[in-house]
Amino acid sequence: VCRLLTRRAHGFYARDAGVAHRKNLGLLRRIMCQESTKFKNVWTTHSASPIAYERGRIYMDNYQCCITSIAQQPRLIYQKSKCAKPEKIEDALLLECPLGEMLPSPSDYKASLIVLTVQNWLLRLSADSGEVLEKVYLAGSCCKFFRYLSWDTPQEVMIVKSAQNKLPAAARQAGIQQTVLFYLAVFQVLPLSFIGMLEINKKIFGNSVTDVAVSNGILIVMYSMGLVRLYNFKAVLEQFMEQPFDLGQEFNWNGQVGVVGKYPFGLPCNIKITDTPPLLFEASSLENAFQIGGYPWHYIITPNKKKHKGVFHICSLKDNTLAKNGIQDMKCCSLEPDWIYFHPDMSGRIIHVGPNLIKVLKLKEVKNHADQMEIAEDFTIVANRENCVNNNVTVTASGRVVKKRFTLLDDDPEQETFKIVDYEDELDLLSTVAVTQIGADGRAHLDFHCNEHGILLKSIPLKESWDVTYSHEVYFDKDLVLHIEQKPNRRFSCYVYQMVCDTARDDD
């Protein structure tokens, strides 16, 4: 640490701000992982409404209250008056300024929050004051209940999705069929601009469509029988765009005259898919579970039969061939299933998490077969269960043999069990939350592992009791740890831990 500080003081990294930033984060990682460094619970709060966290900001009371967690003691940034029910926020996304671009307004260079209200208003709020910077009315003449925000391309293209359209009971009894299932509104962000709105129609995509999503330029359509179909979303927009519109533009559309994005006209549905787009790829998977990643591109599915739940097949996207050792099955007996996903560090690796084992897998070429890939173990992280003995047969002091009638589950709460695995990209650390519950008292600890080799670098005990039956979220953000807990009857708690390096005080 001293050597790096000295080199920084001498200006070794002055020519490249990116290098200096990476070195500073390296310093923070070294300091944080020192044995003398502790994490102290500096703030706790409870709420009757959900609590959300976004990059150093804690949002409460349906985003009406914003608290910074970056300060030494979390403090209030702003508190807005309680909103009416129609103004209730359904979903939100944090919007940050893109690098190297000229933006029309000075406020665009500061972080803002895109929120979606019950009555179909899309608002851009200042992250520092909660002030409304922009507002767009979404719903037009046909009733569309927009409920979900997501990124197509992070910080560039945003998707606003409606709830699934359902006809009133009287209309269904009269034999009227609902053909339009979802509406998708597409926006370019910073500056906020309208790209288009399209509908997902049964007549085009089939009667068994259950859901739809857009990610990284791919339109993903899911079906009730486990089928997943992928289409080129950009090509769909270009092929079926009837007429482009800008926000604030006056229009005459299908007999309607209004202003784009203004009440009561909203947005025109200007992308009409009249024919099935060219299919990029399709796969059948249990519960529509489907992921793409790795290098070269691979995908992960579970065979579409209930008996295969917990079995994952890793296949080449190019020719659908199963990778060597591509069937991953932990054979764990547990209430909660294991889960698998591509590592978010873009290394192409795969993380497979079970109750007591975390496997980090990698794709590599089969020796002497350059066109074939195999799955190899990079490293494993094992839960601490040294004191746990789970024998089916025990012998009493008198010599009598006793056979147990049941076997403990792999995620039995009295054994240390992995509940959360996450990745901190700026410090390049893999974080895990492991929980042990004895009686009503559950204890959890957050561990930091080297992302490259899996070596344990730091363990932080969480002071609060952890009940495995509740819903939990843990955020690890540089020198901050934040735990959000949802208890029954909509009771929420938030615990904030911050890094403390003062070794003079034992209570720290």
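Residues numbered from 1 in each chain as written. Predicted model: local features only at pLDDT ≥ 70, side-chain atom pairs only at ≥ 80, totals over all residues. Heavy atoms only, no water.

An unreviewed UniProt entry lists the protein chain under the name DCA17 factor, from Dicaeum eximium.

Visitor: Teacher, can you tell me more about the overall build of the protein chain here?
Guide: Regarding its fold elements, the protein chain presents 5 helices and 36 strands. Scored against the burial criterion, the 508 residues of the protein chain give a buried share of 47%. Excluding contacts between residues fewer than 6 apart, the proportion of contacts in the protein chain whose partners are at least 24 apart in sequence is 47%. (Helix = DSSP H or I, 4+ residues; strand = E, 2+ residues; numbered from the N terminus. Buried < 20%, exposed > 50% of the residue type's maximum accessible area, 1.4 Å probe, protein only. Contact = heavy atoms within 4.5 Å.)

Visitor: Help me out: how do you make sense of the environment of Ser 284 in this one?
Guide: As for its position among the elements, Ser 284 is in strand E19 (residues 279-284). On the accessibility criterion, Ser 284 (35% relative accessible area) is partly exposed. Along the chain, Ser 284 and Thr 302 lie 18 residues apart, while their C-alpha atoms are 8.3 Å from each other. Those residues in contact with Ser 284 that sit more than four places away from it in its chain are Met 225, Gly 226, Leu 227, Ile 301, Thr 302 and Asn 304. Of note is the side chain of Ser 284, whose polar atom sits 3.1 Å from the side chain of Asn 304. (Polar contact = N/O pair within 3.5 Å; in protein donor to acceptor, adjacent residues only side chain to side chain.)

Visitor: For this particular structure, what's the right way to read the packing of aromatic side chains?
Guide: Each aromatic ring pair is specified by the distance between its two centres and by the angle formed by the two planes. Counting across every chain of the model gives 13 aromatic pairs. Between Trp 121 and Tyr 137 the ring centres are 5.0 Å apart and the planes differ by 55°, which places this aromatic pair in the tilted class. Of the two residues, Trp 121 is situated in strand E8 (residues 121-126) and Tyr 137 in strand E9 (residues 132-137); the sequence distance between them amounts to 16 residues. By relative accessible area, Tyr 137 is classed as buried at 11%. With relative accessibility at 21%, the residue Trp 121 sits in the partly exposed group. A cation over a ring is seen here: Lys 161 above Tyr 148, with NZ or CZ 5.4 Å from the ring centre. Across the ring face of Tyr 223, the terminal group of Arg 229 is positioned such that the distance to the ring centre comes to 5.1 Å. (Phe/Tyr/Trp six-rings, centres within 6.5 Å; stacked < 30°, edge-to-face > 60°. Lys NZ or Arg CZ within 6 Å of the ring centre and 35° of its normal.)

Visitor: I tried to follow the nonpolar core on my own but got confused; where do I start?
Guide: One broad trend across soluble globular proteins is that nonpolar side chains are buried collectively. Judged by nonpolar contacts, the single largest core of 28 residues is most densely connected at Leu 122, Leu 138, Met 158, Val 160, Phe 187 and Leu 267. Those elements that place two or more of their residues in this core are strand E6 (89-95), strand E7 (112-117), strand E10 (146-153), strand E11 (157-162), strand E12 (180-188), strand E13 (193-201) and strand E17 (250-253). Here this core takes 4 residues from E12, the largest share from any one element. One finds Val 157, Leu 181, Leu 227 and Phe 240 within the second-largest nonpolar core, a separate group that totals 24 residues. (Core = buried A, V, L, I, M, F, W, Y, C linked by side-chain atoms within 4.5 Å.)

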